[in-house]
Amino acid sequence: MSSTPARAAGFDGPWTVLIITEAGSCDQGYSFPVQISGGRVTSAGSANITGTVGRGGAVTVRVSQGGSSASGNGRLGASSGFGR
């Protein structure tokens, strides 16, 4: 994964992180609004969200709220992304 900021890649703006629970006692899915600016992912809502986006769209994110947390990585495209 690249750690170069995504400023020139066009990923800045509002996005949504969707967390799908595969194990544990959490609900099946959670959706969180985020903001990407200059290669940094930050919360646009009440959860604590941090992460980075590289020039090629490689993304890492960590979400925590109410004592629970999730982390993932993936890749962003022009208007959507995927990851694990």
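Here goes a summary of the coordinates provided.

Cut-offs used in this document
Residues numbered from 1 in each chain as written. Predicted model: local features only at pLDDT ≥ 70, side-chain atom pairs only at ≥ 80, totals over all residues. Heavy atoms only, no water. Pairing = 2+ DSSP bridges. Helix = DSSP H or I, 4+ residues; strand = E, 2+ residues; numbered from the N terminus. Axes fitted to C-alpha atoms, helices over the stretch in contact; angles between N-to-C directions. Core = buried A, V, L, I, M, F, W, Y, C linked by side-chain atoms within 4.5 Å. Buried < 20%, exposed > 50% of the residue type's maximum accessible area, 1.4 Å probe, protein only. Salt bridge = Lys/Arg side-chain N within 4 Å of Asp/Glu carboxyl O. Phe/Tyr/Trp six-rings, centres within 6.5 Å; stacked < 30°, edge-to-face > 60°.

### A short note on the sheet that holds strand β6 (residues 68-76)
Each strand in a sheet pairs with its neighbour through backbone hydrogen bonds, running either in the same direction (parallel) or in the opposite one (antiparallel).
Item 1. One open sheet holds the seven strands; their spatial order is β1-β2-β3-β4-β5-β6-β7, and the pairing between them is antiparallel. Strand pairing shows two members of the sheet lacking a second neighbour, β1 (13-20) and β7 (81-83), which therefore form its edges. Strand-to-strand, the axes of this sheet are offset by a mean angle of 30 degrees, without reference to chain direction.
Item 2. Where strand β2 (residues 29-37) and strand β3 (residues 40-43) come together, four bridges link them in antiparallel fashion. What sits directly across from V34, in β3, is S43.

### Describing the nonpolar core
Item 1. Residues I36, V41, I49, V53, V63 and L76 are the most contacted members of the largest nonpolar core, which totals 15 residues.
Item 2. Looking at this core, the elements that each hand over two or more residues are β1, β2, β4 (48-53) and β5 (58-65).

### Re the pattern of salt bridges
Item 1. Considering all chains together, one arrives at one salt bridge under this definition.
Item 2. Here R84 and E22 are joined by a salt bridge, their closest N and O atoms 3.1 Å apart. In this pair, R84 sits in the segment after β7 while E22 sits in the loop between β1 and β2, placing the two residues 62 residues apart along the sequence. Side by side, R84 and E22 carry an identical accessibility label, which is exposed.

### Points about the pairing of β5
Item 1. One ladder, built from six bridges, connects β4 with β5; its direction is antiparallel. Its bridge partner lying in β5, T52 is registered against T60.
Item 2. Connecting the antiparallel pair β4 and β5 is a turn made up of four residues, with G57 showing a positive phi of about 100 degrees.
Item 3. The pairing of β5 with β6 spans eight bridges and is antiparallel. Each residue of the ladder has a partner; that of V59, found in β6, is G74.
Item 4. Where β5 folds back on β6, the antiparallel hairpin that results is connected by two residues, among which G66 adopts a positive phi of roughly 60 degrees.

### Side note on the pairing of β3
Item 1. What sits between the antiparallel neighbours β2 and β3 is a turn of two residues, in which G38 has the positive phi angle 60 degrees.
Item 2. Bridge count between β3 and β4: three bridges; the pairing is antiparallel. Residue pairing in the sheet places V41 in a bridge with G51 of β4.
Item 3. Hairpin connection of β3 to β4: four residues between the antiparallel strands.

### A word on the packing of aromatic side chains
Item 1. In the structure shown here, the tally under the stated rule is one aromatic pair.
Item 2. Relative to F32, the ring of Y30 has its centre 6.3 Å away and its plane inclined at 15 degrees; by these criteria the two rings are stacked.
Item 3. Residue classification places Y30 among the partly exposed positions, given a relative accessible area of 29%.

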